[in-house]
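# Per-entry structural report
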Protein chains: 2
Amino acid sequence: MSTNKIAAIIGGGVIGGGWVARFLLHGWDVKVFDPAPDAQRKINAVLDNARVSLPRLSDVAMPAEGKLTFCDSLAAAVADAQWVQESVPERLDSKHQVMSAIQAACPADAILASSTSGFMPSELQQGAVRPEQIMVAHPFNPVYLLPLVELVPSAVTDMALLDKAKNILTAIGMKPLHVRKEIDAHIADRLLEAVWREGLWLINDGVATTQEIDDAIRFGFGLRWAQMGLFETYRVAGGEAGMAHFIAQFGPCLKWPWTKLMDVPELTDKLVQTIAEQSDAQSGMYSIRQLERIRDSNLVGIMRAQKQTQWGVGELLNAHDKRLQQLG
Amino acid sequence: MSTNKIAAIIGGGVIGGGWVARFLLHGWDVKVFDPAPDAQRKINAVLDNARVSLPRLSDVAMPAEGKLTFCDSLAAAVADAQWVQESVPERLDSKHQVMSAIQAACPADAILASSTSGFMPSELQQGAVRPEQIMVAHPFNPVYLLPLVELVPSAVTDMALLDKAKNILTAIGMKPLHVRKEIDAHIADRLLEAVWREGLWLINDGVATTQEIDDAIRFGFGLRWAQMGLFETYRVAGGEAGMAHFIAQFGPCLKWPWTKLMDVPELTDKLVQTIAEQSDAQSGMYSIRQLERIRDSNLVGIMRAQKQTQWGVGELLNAHDKRLQQLG
């Protein structure tokens, strides 16, 4: 009998599959429950990608892979888990049903985390028998490579359990960001939503195509944001006078009537079709599988490059290498 | 007498200095006009950074540096220039005065480009003697490393001159993005403005600090955006079903009442002070010069990493290497 730690992954889509890979390749046993007929095939495809890319981030050996089990029932998956991760579709009623089923079968001291990108933990806790066990752990795709996890407790979440969650996430190479105040969509997706909204306007008004918007990002500020965020970038851009100078210079722009930012374009069938066609023209020559591998190769290269400067994600990866070395 | 091409740089701040470095290190003679007493010192500081970092992007030798001249008058700087780049502060009346002075002294067939982040070329052309000569060439800091330039003509800009500008920008290692429709703030800064606005709300409401927002970016979607933009990332995230699936899943979120995105926080003294203090707590242990070098090292590493996959910025750098090799 294995004495390994057990993670239960409920819902095996792109995000659930990423969690499977993240835990499994860090030596956890993983039990999956997803009733979809092709869940096993999809998760194995994610694992294929992860097995190629994740070990390349480390300069030391990863632990031996844990054992992967596909379970026939949710109860069987969560019964002995220390970590239960819910990644079902974003509907509050589904989430409540799943939380209830999980809590009926999982250990009372397990971490029960949701991958929700939109809901607040207090919403997920509604009607729960043990609300203190529930928190949000919102990861970013591809979960097996990107370090960020937004970790969000509500006022009733057990803070000792939150600390335990931080330690576990760190141990599997992630960067838990404790979101101190509950808010719809947490932090990162609020920023992404703002860009998405403006991007839709630009397409809707015929200003730019998906390709042009993507190029405006990846040949410019996207490169900056891979290592410094918004505010630190601007601190530096302010030049020798720093942040105060920058705000004095840039701040007034907020008064400009860039009104498109203030409104939501209607997502008509026509707009959806335009986006899909432009996206096909941009990337239709690659399969999704090929794009995933290009993305993963680039992400590994980008993150490894930062190990030299011991900065941001590089500092995190180097610290993780040390931990792996001590374990191994 | 030099037969080199000449770029005139009008305004030698962070952006102007970056243009100086970009042209000079690609073998152009550069003539600078900036009446500020410390312009020469500041530009030399930018050049010091650029000389360390820019050549590291190439696997072949850069051309010999051009000749740098600080001019006593604007007329002297632009007299023999093939490219005139205006980078003075963002006030339309100043821009009009400078454009007028430039056109009184520069060759009629020179490219006259503005670094403006906000104004449309047709606004800059108001009252100009040769409006067809004027276009926007909006770069991103650090100009000597980041490839993106938003190249924006108005309806009266000479399109042959625009093509010439594209070729020159490509020859100095940049990625000209032809913005086909005039719009306030072009493309990238509209997206940045959306994030900036939402970031200010998060700070204003005490949800997150500058450090937390920056971490939410650089450990997550910032890494993605260094190589794929918004739409391509989502195409992949949609999984095997691709873009249409993603929009069907994510699109409805736009209906949610994330109302903060729809309003502008007032930039009170208190908010400015909060941001400046949080930024000091985050990065005050580094000088701006140190942060610039960390940033530049990371940018070089991130961009070089992509040369392996021949994708995006990597493809661009490899093509640039070939051009440099053919010249050298």
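Small disclaimer: the values here were computed from a predicted structure and weren't measured. Sequence order as written defines the numbering, with residues in each chain counted from 1. Each chain is given a letter, starting from A, and each ligand a number, starting from 1, according to the order in which they appear as written. In view of the model being predicted, local features appear only for residues whose pLDDT reaches at least 70, and side-chain atom pairs are presented and counted only at 80 or more, with totals across whole chains, interfaces and linings using the full set of residues. Where side-chain values are given, they derive from all heavy atoms of the structure, hydrogens and water being excluded.

### Considering the relation of the copies chain B and chain A
We superpose the copies by least squares over the C-alpha atoms of residues that have a pLDDT of at least 70 in both of them. Note on the copies: chain B fits chain A at an RMSD of 0.0 Å, the axial shift is 0.0 Å, and the rotation between them is 180°. Between the two chains, the operation in question is that of a two-fold axis. It only takes one pair of heavy atoms within 4.5 Å for two residues to be counted as in contact. Looking at the interface residues of chain B, 100% of them are also at the interface in chain A, so both copies use one shared face.

### Examining the pattern of salt bridges
A side chain with one charge may pair with a side chain of the opposite charge, provided their charged atoms come close. Salt bridge, as used here, is a side-chain nitrogen of Lys or Arg placed within 4 Å of a carboxyl oxygen of Asp or Glu. This model, assessed by the stated rule, comprises 34 salt bridges over all chains. With a shortest N-O distance of 3.2 Å, A:Arg197 and A:Glu193 are connected by a salt bridge. Placement of the pair is A:Arg197 and A:Glu193 together in helix α7 (residues 188-204), with a separation of 4 residues, close to one helical turn. Relative accessibility thresholds used throughout: buried, under 20% of the residue-type maximum; exposed, over 50%; partly exposed, between the two (1.4 Å probe, protein chains only). The exposure class of A:Arg197 is buried, given its relative accessible area of 2%. A salt bridge links B:Arg190 to A:Glu198, with the shortest nitrogen-to-oxygen separation between them at 2.6 Å. Here the residue B:Arg190 occupies a position in helix α7 (residues 188-204), and A:Glu198 occupies one in helix α7, the pair thus bridging two chains. On the accessibility criterion, B:Arg190 (3% relative accessible area) is buried. Helix and strand definitions follow DSSP, with helices as H or I runs of at least four residues and strands as E runs of at least two, each counted in order from the N terminus.

### Section: the side chain of B:Arg295
Considering the arrangement of structural elements, one finds B:Arg295 in helix α12 (residues 288-305). Given the relative accessible area of 5%, B:Arg295 is considered buried. Excluding its chain neighbours within four sequence positions, the residues that come into contact with B:Arg295 are A:Gln227, A:Met228, A:Val236, B:Asn141, B:Pro142 and B:Tyr144.

### Things to note about the interface of chain B and chain A
Taken together, the contact between chain B and chain A spans 111 residues of the former and 111 residues of the latter. Counting across the interface, chain B meets chain A through 8 salt bridges. Polar contacts, as counted here, are pairs of nitrogen or oxygen atoms within 3.5 Å of one another; within protein the pair requires one atom able to donate a hydrogen and one able to accept it, and residues that are adjacent in sequence qualify only if both atoms are side-chain atoms. Here chain B and chain A share 30 residue pairs in polar contact (both at pLDDT 80 or more) between them. For this classification, the nonpolar set comprises Ala, Val, Leu, Ile, Met, Phe, Trp, Tyr, Cys and Pro, the charged set comprises Asp, Glu, Lys and Arg, and every other residue, Gly included, is treated as polar. Residues of the side of chain B that touches chain A, tallied by class, amount to 60 nonpolar, 24 polar and 27 charged.

### Brief notes about the pairing of strand β1 (residues 6-10) of chain B
Both faces of the sheet carry side chains from a regular strand, because those side chains alternate between them. Residue and element names in this part refer to chain B. Across the 5 residues of β1, 5 count as buried, placing the element largely inside the fold. Residues of β1 alternate between two faces, with Ile6, Ala8 and Ile10 on one and Ala7 and Ile9 on the opposite face, all of them buried. Pairing between strands is defined by DSSP: at least two bridges between the two strands are required. Relative to strand β2 (residues 29-33), β1 runs parallel, the two sharing 5 bridges. Opposite Ala7, over in β2, you have Val30 as the bridge partner. Note on handedness: a crossover is taken as right-handed if, strands pointing away from the viewer, the path from the first strand over the helix to the second is clockwise. A crossover links β1 with its parallel partner β2, the connecting element being helix α1 (residues 14-24), and its sense is right-handed. Judged from the 4 bridges that link them, β1 and strand β4 (residues 83-86) form a sheet pairing that is parallel. By the bridge assignment for β4, Ile9 is matched with Gln85.

### Describing unusual backbone geometry
With the exception of glycine, the majority of residues adopt a negative phi angle, and the majority of peptide bonds are in the trans configuration. All names here are of chain A. For the peptide bond that leads from Asn141 to Pro142, omega is 0°, which places it in the cis range. Secondary-structure assignment places Pro142 in the loop between β6 (134-139) and β7 (148-152). Not every positive phi belongs to a glycine, and His186 is a case in point at roughly 55°. Note on placement: His186 falls in the loop between β8 (175-178) and α7. Judged by its relative accessible area of 1%, His186 falls in the buried class.

### Some words on the sheet that holds strand β1 (residues 6-10) of chain A
Spatially, β3-β2-β1-β4-β5-β6-β7-β8 (chain A) is the arrangement adopted by the 8 strands of the open sheet, whose pairing is mixed. Looking at the sheet topology across the chains shown, the edges are occupied by β3 (68-70) and β8 of chain A. Averaged over all neighbouring strand pairs, the angle between strand axes comes to 25°, with direction disregarded. Where strand β5 (residues 111-114) of chain A and β6(A) come together, 3 bridges link them in parallel fashion. By the bridge assignment for β6(A), A:Ser114 is matched with A:Val136. For helices, the fitted line uses only the C-alpha atoms of the stretch in contact; every axis is such a line through C-alpha atoms, and the angle between N-to-C directions lies from 0 to 180 degrees. Contacts between helix α1 (residues 14-24) of chain A and the sheet are confined to β1, β2 (29-33), β3, β4 (83-86), β6 and β7 of chain A, with β1(A) contributing the most and set at about 170° to the helix. On the sheet, helix α8 (residues 210-225) of chain B packs against β7 and β8 of chain A and is oriented at approximately 150° with respect to β8(A).

### A closer look at the packing of helix α8 (residues 210-225) of chain A against helix α9 (residues 230-237) of chain B
Between α8(A) and α9(B), whose axes approach to 6 Å, the crossing angle comes to 110°. When the interaxial angle is binned, α8(A) and α9(B) end up roughly perpendicular. Seen from α8(A), the contacting residues are A:Thr210, A:Ile213, A:Asp214 and A:Ile217; seen from α9(B), they are B:Leu230, B:Phe231 and B:Glu232. By the definition adopted for this analysis, an angle is roughly parallel if under 35 degrees, roughly antiparallel if over 145, roughly perpendicular if from 65 to 115, and oblique otherwise.

### Description of the domain arrangement of chain A
Residue ranges labeled as domains rest on an automatic or database domain assignment. Each assigned domain of chain A is listed with its residue range as follows: domain 1 (6-178) and domain 2 (188-285). Centre-to-centre, using C-alpha coordinates, domain 1 of chain A lies 31 Å away from domain 2 of chain A.

### Let's talk about the pairing of β7(A)
Residue and element names in this part refer to chain A. Counting buried positions along β7 yields 5 of 5 residues, so the element is predominantly enclosed. Burial along β7 is two-sided: the face carrying Leu148, Glu150 and Val152 and the face carrying Val149 and Leu151 are both buried. Pairing analysis gives 4 bridges linking β6 to β7, with the strands arranged antiparallel. Pairing of Ala137 across the sheet is with Leu151, part of β7. Strand direction decides the pairing type here: β7 and β8, joined by 4 bridges, are parallel. Considered in β8, the bridge of Leu151 is made with His178. The parallel pair β7 and β8 is bridged by helix α6 (residues 159-171), and the resulting crossover is right-handed.

### Details of the sheet that holds strand β8 (residues 175-178) of chain B
Overall, mixed pairing links the 8 strands, which are arranged β3-β2-β1-β4-β5-β6-β7-β8 (chain B) in an open sheet. Edge positions in the open sheet fall to β3 (68-70) and β8 of chain B, since each of these has one partner strand only. Here the average twist between neighbouring strands, direction ignored, is 25°. Most of the contacts of α8(A) go to β8(B), to which it runs at about 150°, and overall it touches β7 (148-152) and β8 of chain B.

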